[in-house]
Amino acid sequence: MTWSRTHPTRWLDDAWARRGRERRHVQIVTGGARVDIVIGAGIVDTLAGALPVGWRRAVVVTEPGIPPLRAWDGPTIVVPRGEKAKRLRVVEQVAEQLVKLGVSRADGIVAYGGGVVCDLAGFVAATFHRGIGVVNVPTSLLAMVDAGVGGKTGVNLPSGKNLVGAFWQPELVLIDLDLLSTLPARQWRSGLGETVKYSFLGLESLLSLPLDEAVVRSVELKASIVARDERESGERALLNYGHTVGHALEAVAIAQRRRLTHGEAVATGLVAEAQLAYQLGRIDRDRVIYHRDLVRGVGLSSTLPPWAATSDLLEYLQRDKKHRTSLASVLDGPRGLELVEDIPLEHVRRALEEARRL
Ligand code: GLY
């Protein structure tokens, strides 16, 4: 049984014991920044000493329900748990608290939490006093391999996800794999949903690697793409594989007050988008089944939930005026993943229907 088919609690102990709990380093050098990413076990306890040299002091922004930050007794702001924290009202509340704490441009924020905390705290850092430093300490698998790395920050609007945001690179990312041992099973699987996409970006054997190696390789891959295309003018868009349908699914879930994690939505989106690629003649049926089996293999659902009607999903997909009659999406194909423009909505409708029968 590999780590991807089970929760890693026991696996982590064994793996780190075998490997001597070494640390791995990845760096992203972009036009304007150098980001150090350190991956290891127990490194969260080194946080205070690892903060950037120029910072006068730091404020931790975190969420309830995650392991306490033992090595921290400085100021801490706790934001609500889950997607509901990703909104402008919470940005304002956090910023007001920073003002009360006397935070200035010489100070920085530590984002300690899952993807929501990294997105939200990063956006506050990008905008507070026109930009202060941020260090990410992601606590979920999803945030370790995606949200905590790459400098995309932002919040949602009632009309859609991540519609207000900024590119703002963290100065440092500390990825402590020990934190995964307490991750609730559903959050663990959600992270796998996001991780699976790297299998289509050149890391075919990702899920058969040891967990620590899989995280390192995912982070290295994302870092290399971000270094080449920080502002998503081309290649970085490939990291959104599964997200066209995934985001529509999340929007429908929010409208109906259904519980659906980001990774669950992306996993289902990957399969629906594979079906779309098949209908456009870009891949064969076996490749669609490969997508389906990979998603199922990590314990996630590969089919669209019955509550997400095709018409509701299409309505969300069409919300952008540019996409009244056609759509753009990252799709698989003979040359691998590519951004495909002008996909007729009728194909999308059929793909969504067919994906229910896979
Ligand atoms: N989550 C996709 C990206 O960072 O570009």
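These lines cover the structure that appears in this document, whether it is placed above or below.

Rules of the game
Residues numbered from 1 in each chain as written. Predicted model: local features only at pLDDT ≥ 70, side-chain atom pairs only at ≥ 80, totals over all residues. Heavy atoms only, no water. Helix = DSSP H or I, 4+ residues; strand = E, 2+ residues; numbered from the N terminus. Rg over C-alpha atoms; globule rule 2.2 N^0.38 Å. Buried < 20%, exposed > 50% of the residue type's maximum accessible area, 1.4 Å probe, protein only. Contact = heavy atoms within 4.5 Å. Areas by Shrake-Rupley, 256 points an atom, 1.4 Å probe, with all protein chains shown as cover. Lys, Arg positive; Asp, Glu negative; His and termini not counted. Charge placed at Lys NZ, Arg CZ, Asp CG, Glu CD. Salt bridge = Lys/Arg side-chain N within 4 Å of Asp/Glu carboxyl O. Near = heavy atom within 4 Å. Polar contact = N/O pair within 3.5 Å; in protein donor to acceptor, adjacent residues only side chain to side chain. Nonpolar A, V, L, I, M, F, W, Y, C, P; charged D, E, K, R; others polar. Phe/Tyr/Trp six-rings, centres within 6.5 Å; stacked < 30°, edge-to-face > 60°. Lys NZ or Arg CZ within 6 Å of the ring centre and 35° of its normal. Axes fitted to C-alpha atoms, helices over the stretch in contact; angles between N-to-C directions. Parallel < 35°, antiparallel > 145°, perpendicular 65-115°, else oblique. 1 Å grid on protein atoms, 1.4 Å probe; cavity = no way out; pocket = protein on both sides within 12 Å on 5 of 7 lines; lining within 4 Å. Points joined across faces, edges and corners; volume = space filled by probe spheres on them. Pairing = 2+ DSSP bridges. Right-handed = clockwise from strand over helix to strand, strands pointing away.

1. What to know about the overall build of the chain
Helix and strand counts for the chain stand at twelve helices and eleven strands. For the chain, whose C-alpha radius of gyration is 20 Å, the value lies close to the compact-globule estimate of 21 Å for 358 residues. By principal-axis analysis of the C-alpha atoms, the chain measures approximately 55 × 50 × 40 Å. Counting the 358 residues in the chain, one finds 56% classified as buried. For the chain, the proportion of contacts with a sequence separation of at least 24, taken over those separated by at least 6, is 72%. Total accessible area computed for the chain in this model is approximately 15,400 Å², and 50% of it derives from carbon and sulfur atoms. Across the chain, the 46 positively charged side chains and the 41 negatively charged ones have centroids separated by 4 Å.

2. Structural notes on the pattern of salt bridges
Counted according to the given criterion, the structure contains 22 salt bridges. Among the ionic pairs, Glu83 bridges to Lys161, the shortest N-O distance being 2.7 Å. Separated by 78 residues along the polypeptide, Glu83 in the loop between strand E4 (76–78) and helix H3 (88–100) and Lys161 in strand E8 (residues 160–167) bring together distant segments of the chain. For Glu83, a relative accessible area of 27% translates into the label partly exposed. With relative accessibility at 12%, the residue Lys161 sits in the buried group. Salt bridges sharing common partners tie together Asp146, Glu194, Lys197 and Lys222.

3. Overview of the site of the ligand
The local shell around the ligand consists of Asp146, Lys152, Lys222, Arg236, Leu239 and Asn240. One of the side-chain N or O atoms of Lys152 is found 3.1 Å from an oxygen atom in the ligand. Between Arg236 and the ligand, the recorded distance is 2.7 Å, taken from a side-chain N or O atom to an oxygen atom. Of the residues contributing to the shell around the ligand, the split by class is one nonpolar, one polar and four charged.

4. Notes on the packing of aromatic side chains
Using the criterion set out here, one finds two aromatic pairs in the structure. With 5.7 Å between their ring centres and 80° between their planes, Phe200 and Tyr241 make a pair best called edge-to-face. With Phe200 in the loop between helix H6 (185–195) and helix H7 (211–228) and Tyr241 in the loop between H7 and helix H8 (243–255), this pair connects stretches of sequence that are 41 residues apart. Note on Phe200 and Tyr290: the rings are 6.0 Å apart at their centroids and 80° apart in plane angle, and the pair reads as edge-to-face. In this pair, Phe200 sits in the loop between H6 and H7 while Tyr290 sits in helix H10 (residues 285–297), placing the two residues 90 residues apart along the sequence. By relative accessible area, which is 7% here, Phe200 ends up buried. A connected cluster of aromatic rings, assembled from ring pairs, spans Phe200, Tyr241 and Tyr290. When the ring centre of Tyr198 is taken as reference, the NZ or CZ atom of Lys197 above it lies at 5.4 Å. Between Arg285 and the ring centre of Tyr278, over which it is positioned, the NZ or CZ distance is 5.9 Å.

5. Comments concerning the packing of helix H9 (residues 262–279) against H10
It is the contact of H9 with H10, at a shortest axis distance of 9 Å, that shows an interaxial angle of 175°. Here H9 is positioned roughly antiparallel relative to H10, judged by the angle of their axes. In this structure, H9 uses Ala267, Leu270, Val271, Ala274, Gln275 and Tyr278 to contact H10, whose residues at the interface are Arg285, Val288, His291, Arg292 and Val295. For the contact of H9 with H10, a count of residues per class yields seven nonpolar, two polar and two charged.

6. A closer look at empty space enclosed by the protein
Throughout the structure, instances matching the rule amount to one cavity of 30 Å³ or more. Every residue lining the largest cavity is listed: Cys118, Gly122, Val134, Asn136, Ala147, Gly148, Gly151, Lys152, Thr153, Trp168 and Pro170. Listing elements by their share of the lining of the largest cavity, those giving two or more residues are helix H4 (115–127), strand E6 (133–138) and strand E7 (152–157). Counted by class, the lining of the largest cavity contains five nonpolar, five polar and one charged residues.

7. Observations concerning the pairing of E6
Of all six residues making up E6, six are buried, and the element is well covered by its neighbours. Along E6, one buried face is formed by Gly133, Val135 and Val137 and the opposite face, lined by Val134, Asn136 and Pro138, is buried too. Here strand E5 (residues 108–113) pairs with E6 via six bridges, running parallel. Residue pairing for E6: Val110 is matched across the bridge by Val135. Since E5 and E6 lie parallel, the crossover through H4 that links them has a hand, and here it is right-handed. Where E6 and strand E9 (residues 172–176) come together, two bridges link them in parallel fashion. When the sheet's bridge partners are listed, Asn136 is paired in E9 with Val173.

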